[in-house]
Amino acid sequence: MPADLTIFDSWHDRAGVRKDARLVVGDEDLATKKFFPDHVVPHLRHPLVVAREDTARRYLAAQHLYQWLRFTERFEVEVVLRTVQRIADGASGVDLSKKMRRYAMKINVDEQFHALYSIDVADQIEEASGIRALPFDFAPYLRHLDGIGSENPSYAKLVQLLQVIVFETLITSLLQDVPRDDDLITVVRETVRDHAADEVYHHAYFAQVFKELWTQLDPADRRAVAHFLPAVIVRSLQPATRSARLALAGVGFSPADVDTIVAESYDQDSVMSGIRFAARRTVGLFRKCGVFDVPGAREAFVSAGFADPGEGGTAALDGIDDIRAAIGGLDVP
Ligand SMILES: [Fe+2]
Ligand SMILES: [Fe+2]
C-alpha cells in the first residue's frame, strides 16, 4: 500500500473555509472591468460577436460567468460531494486508510464552501450589475456524464469515482489565467484564486486515490476502467453550448446565426484540443500508474481524440509544489 499523505494535516490552518473572508463584489469594478476573459469563451471570439456593440458583448460575458459559477456550484454538490462522502464512509469502491477517509471529510467541507461562494458571487454580481442571469439547467450535463455508468450499471459507482478523480486532476487554462488577469472584475479573480488554492491539495489527494485504486483493481476491472477513462474526460469537459445558445439568442441573434456561431466556435477540433490541454496531467497520472499497459487502452484514448498517450506526453504532477507551480505559481499558502 502506498504511503499515507500528510498534506491535509495542516488543513485547519490553510484551507479557504477556515481562513478566508467572504468574497464580496466591489461595485466600482462593474462599470469598467470584464466579467470573463474573452480568450477562454469561444463564442466571444466569433467574428459575428466581435462585431457587436459593447453592451451585447458584456451581456454575453456576464451570462458566461453566471453559467460557469452555477455549473461549479452544481458540479460540487451533485458530482463531487456524492463521491467524496462515499470515500469518507469507506463505500466508494477503493480501500483507503482511516487517515485518507478523514481527509475526504475535509475535502467535502472545502467543496461545499466552493459551492457556496460560487453561487454567492453569482448572486452578488447579478444584483450589482442588473444583468439578469438566464436559466441554467445542470441536468443534461449530468445525464451525459453519468451515461457511461448508466450503460455499464455494474460499474456505475466506480465511474462516479473516476469522474471525481478526473475532474480534480484537470488543470484548465481558466484556472491558470483568470487570477492574473487585471482586466477582470476583482471578485471573479479572487473566486478562481481561492478555489485553485484548495484544488492544489485536492489534486494531490486524488492522484493518490487513483494510484491506490489502480493497484486494487483486478485485470478485468482495469480493462473496464481504461476504456471508461477517455469518455469520462471528454464528457467532463464538454462546453456549455446550451447556455451559449440561450445567451446569443438573448442579444438578438437569429436561430440561424446562433447555429453558425456555436458550430464555428465549438468545432470538434478546437474542443478536443482544449480537452487534451486540460487533461494532460491527468493522462500523465494514468501513464505513470500503468493504465496504458492494459491491452487496448492506448487505442481507446486515440480513438477518443487523444494523442498516443503511451508515448512521451506530459508527466504527472508530483507533490504540492509541483502542482502549485503547474496551476500557475499562484501566491497561495
Ligand atoms: Fe472545488
Ligand atoms: Fe476539489
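Residues numbered from 1 in each chain as written. Chains lettered and ligands numbered in written order. Predicted model: local features only at pLDDT ≥ 70, side-chain atom pairs only at ≥ 80, totals over all residues. Heavy atoms only, no water.

With an unreviewed UniProt entry as reference, the chain is termed Diiron oxygenase, source organism Lentzea rhizosphaerae.

Trainee: Explain helix 11 (residues 219-236) residue by residue, including any values.
Mentor: The terminal C-alpha atoms of helix 11 lie 25 Å apart, and with 18 residues this matches the ideal 26 Å at 1.5 Å per residue to within 8%. Residue F228 marks the point of greatest curvature in helix 11, where the axis turns by about 30°; the proline P230 follows within four residues. Burial in helix 11 covers these residues: A224, V225, A226, F228, L229, P230, V232, I233, V234, R235 and S236. For helix 11, the secondary structure elements touched by its buried residues are helix 7 (139-151), helix 8 (156-169), helix 10 (186-216), helix 14 (268-278), helix 15 (280-289) and helix 16 (297-303). (Helix = DSSP H or I, 4+ residues; strand = E, 2+ residues; numbered from the N terminus. Expected span 1.5 Å × (residues − 1). Bend = angle between axes of the 7 residues up to and from the residue. Buried < 20%, exposed > 50% of the residue type's maximum accessible area, 1.4 Å probe, protein only. Contact = heavy atoms within 4.5 Å.)

Trainee: If you had to explain the side chain of S236 to someone new, which residues and values would you point to?
Mentor: Take S236: it is sitting in helix 11. A distance of 2.7 Å separates the side chain of S236 from the backbone oxygen of V232, its partner in a polar contact. With residues up to four places along the chain from it excluded, the contact list for S236 reads Y141, L145, V166 and F167. (Polar contact = N/O pair within 3.5 Å; in protein donor to acceptor, adjacent residues only side chain to side chain.)

Trainee: Can you break down empty space enclosed by the protein residue by residue, with the values?
Mentor: Over the atoms, a rolled probe matching the size of one water molecule traces out where space is still vacant. Scanning the entire structure with this criterion turns up one cavity of 30 Å³ or more. In this structure, the largest cavity occupies an estimated 40 Å³ of space. Elements represented by at least two residues in the lining of the largest cavity include exactly helix 10 and helix 15. The element contributing the most residues to the lining of the largest cavity is helix 15, with three residues. (1 Å grid on protein atoms, 1.4 Å probe; cavity = no way out; pocket = protein on both sides within 12 Å on 5 of 7 lines; lining within 4 Å. Points joined across faces, edges and corners; volume = space filled by probe spheres on them.)

Trainee: Quick rundown of the coordination of the iron ion (ligand 2)? Include the residues and the values.
Mentor: Those protein atoms acting as donors to the iron ion (ligand 2) are E111 (OE), E168 (OE), E168 (OE), E199 (OE), E199 (OE) and H202 (ND1), and they sit at 2.0 to 2.6 Å. Viewed at the metal, the six donor atoms of the iron ion (ligand 2) are separated by angles of 54 to 169°, and the geometry they form is irregular. The iron ion (ligand 1) is placed at 3.4 Å from the iron ion (ligand 2), the two being bridged by E111. In this pair, E111 is assigned in helix 6 (residues 98-129) and H202 in helix 10, connecting sequence segments 91 residues apart. Across this residue pair, the class does not change: E111 and H202 are buried. (Donors = N, O, S within 2.8 Å, 3.2 Å for Na, K, Ca; no water. Tetrahedral: all angles 85-135°; square planar, octahedral: opposite > 155°, others 65-115°.)

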